[in-house]
Amino acid sequence: MDILDSIVLGIIQGLTEFLPVSSSGHLELGKVILQDENLGAEDSLLFTVVLHFATALSTMVIFRKDILEIVKGVLKFEWNEDLQFISKIALSMIPAVIVGLFFEEQLKSLFGGNIRLVGFMLIVTAALLFLADRAKNTDKKVTFSNAFIIGISQAIAMLPGISRSGATISTSVLLGNDKTKAARFSFLMVVPLIFGKIAKDVLSGEITYDSSNFTSLSVGFIAAFVTGLFACTWMIALVKKSKLSYFAFYCIIVGIIAIIYSYNLA
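Everything quoted here is computed from the prediction, not taken from an experiment.

**Q** Before we go on, may I ask you to explain the overall build of the protein in this structure?
**A** For the protein, the helix and strand inventory stands at twelve helices and zero strands. Moving toward the C terminus, one meets the helices and strands of the protein in the order α-α-α-α-α-α-α-α-α-α-α-α. Dimensions along the principal axes, computed over C-alpha positions, put the protein at roughly 50 × 40 × 35 Å. The 266 residues of the protein split such that 48% are buried. Contacts spanning at least 24 positions in sequence make up 83% of the contacts within the protein whose residues lie at least 6 apart. Surface exposure of the protein reaches about 12,700 Å², of which carbon and sulfur atoms provide 69%. Both charge centroids of the protein, one from 21 positive and one from 21 negative side chains, sit 13 Å from each other.

**Q** Just checking my understanding: could you explain the nonpolar core for this structure?
**A** Membership of the largest hydrophobic core comes to 44 residues, with the highest contact counts inside it found for Leu19, Leu29, Ile89, Ile169, Phe185, Phe187 and Met235. Every element with two or more residues in this core is listed here: helix H2 (23–34), helix H5 (81–102), helix H7 (115–133), helix H8 (144–156), helix H9 (164–174), helix H10 (179–204), helix H11 (214–240) and helix H12 (244–265). Discounting residues that sit within four places of it in the chain, Phe187 has contacts with Phe18, Thr59, Phe63, Arg164, Ser165, Ile169, Cys232, Met235 and Ile236. Within the second largest apolar cluster, nine residues are counted, among which are Leu9, Leu46, Ala54 and Ala224.

**Q** I tried to follow unusual backbone geometry on my own but got confused; where do I start?
**A** Generally, phi is negative for residues other than glycine and the peptide bonds are trans, each holding for most cases. The phi dihedral of Phe77 falls on the positive side, at around 55°, and the residue is not glycine. Positionally, Phe77 belongs in the loop between helix H4 (64–74) and H5.

**Q** Sorry if this is basic, but what is going on with the packing of H8 against H10 here?
**A** Packed helices, taken two at a time, are described by the angle between their axes plus the distance between the axes. At their nearest, the axes of H8 and H10 sit 12 Å apart, and the two run at 65° to each other. What the angle tells us is that H8 and H10 run roughly perpendicular. When you trace H8 past H10, the crossing you get is right-handed. Side by side, H8 and H10 meet where Ala147, Ile150, Gly151 and Gln154 of the first sit next to Phe185, Met189, Val190 and Leu193 of the second. Grouping the constituent residues of the contact of H8 with H10 by class yields six nonpolar, two polar and no charged.

**Q** Sorry if this is basic, but what is going on with the environment of Pro20 here?
**A** Residue placement: Pro20 occurs in the loop between helix H1 (3–16) and H2. Accessibility expressed as a relative area gives 0% for Pro20, which makes it buried. The residues contacting Pro20, other than those within four sequence positions of it, are Thr125, Leu129, Ser163, Ser165, Gly166, Met235, Leu244, Phe247 and Cys251.

**Q** Please clarify how the packing of aromatic side chains should be interpreted in this entry.
**A** Geometrically, a pair of aromatic rings is defined through the distance of the ring centres and the angle of the planes. This model, assessed by the stated rule, comprises nine aromatic pairs. Taken together, a centroid distance of 6.2 Å and an interplanar angle of 10° make the contact between Trp79 and Phe144 stacked. Taken together, the residues span a long stretch of sequence, with Trp79 in the loop between H4 and H5 and Phe144 in helix H8 at a distance of 65 residues. Among the residues examined, Trp79 registers a relative accessible area of 56% and is labelled exposed. The ring of Phe144 carries Lys88 above its face, with NZ or CZ at 5.4 Å from the centroid. Arg116 extends its terminal NZ or CZ atom over the ring of Tyr263, reaching a point 3.8 Å from the ring centre.

**Q** Would you mind going over H11 with me for this structure?
**A** Think of an α-helix as 3.6 residues a turn; residues three or four steps apart then line up on the same face. Look at H11: 39 Å from first C-alpha to last across 27 residues, which is about the 39 Å you get at 1.5 Å a residue. At Gly228, H11 shows its largest bend, some 25°. Positive backbone phi, approximately 55°, marks Ser242, located one or two places after H11.

Conventions we followed
- Residues numbered from 1 in each chain as written.
- Predicted model: local features only at pLDDT ≥ 70, side-chain atom pairs only at ≥ 80, totals over all residues.
- Heavy atoms only, no water.
- Helix = DSSP H or I, 4+ residues; strand = E, 2+ residues; numbered from the N terminus.
- Buried < 20%, exposed > 50% of the residue type's maximum accessible area, 1.4 Å probe, protein only.
- Contact = heavy atoms within 4.5 Å.
- Areas by Shrake-Rupley, 256 points an atom, 1.4 Å probe, with all protein chains shown as cover.
- Lys, Arg positive; Asp, Glu negative; His and termini not counted.
- Charge placed at Lys NZ, Arg CZ, Asp CG, Glu CD.
- Core = buried A, V, L, I, M, F, W, Y, C linked by side-chain atoms within 4.5 Å.
- Axes fitted to C-alpha atoms, helices over the stretch in contact; angles between N-to-C directions.
- Parallel < 35°, antiparallel > 145°, perpendicular 65-115°, else oblique.
- Left-handed = near helix turned anticlockwise from the far one by under 90°.
- Nonpolar A, V, L, I, M, F, W, Y, C, P; charged D, E, K, R; others polar.
- Phe/Tyr/Trp six-rings, centres within 6.5 Å; stacked < 30°, edge-to-face > 60°.
- Lys NZ or Arg CZ within 6 Å of the ring centre and 35° of its normal.
- Expected span 1.5 Å × (residues − 1).
- Bend = angle between axes of the 7 residues up to and from the residue.

Right, dumping it as structure tokens:
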């Protein structure tokens, strides 16, 4: 993959990881549009993992104060709000972990340029965003039962084209939670999941590294990290203002284009 392609895909990942338009779906569309034939399945997976790692770090930077307060609270070894929050995050991870452990091969088969699936899933994302934008705002916090249901949404969002942030924030808001708290929970719940996935892949030897890809991986990482900082901050403001319907229209348009394009490729 050349440097320009890496930068473009990095920017796509950085923006779409937080904006509710599906980062995995847009990466698949980007790979097809860029037509990089030198990027094999294993290289594609490695590149995707690196970009997700970059956006996980950008999340930690944006929420660094929150994370520090949570860590301090947990170290008190009391059943306080911070330990409860961590427990809810752990609970929300269970559905995605189950899918990752038992359906990993089936999930991988859905990646690699399946833009027709991406198109249909983007339309599903649009429907979720329309519903969430019409929900009334409250001051309710995410409960334990809410956390597990939101976790199911996160597991479903492993499909290319389903926005993780869109699905989890929409689910949380539709459950009656405060929109700002929903966004905070959505962004923080993915961080341990990404690091866990990377650790699993590294330990299992699934990720193979070729030094010739170092430059493209590095510039992709930087592009995703920098744009992720911007997109995360912007998304929090958009959720507060109930502006998700704009992204719903975008998802519908891109989804329809992807479906039509897929039939032209057939």
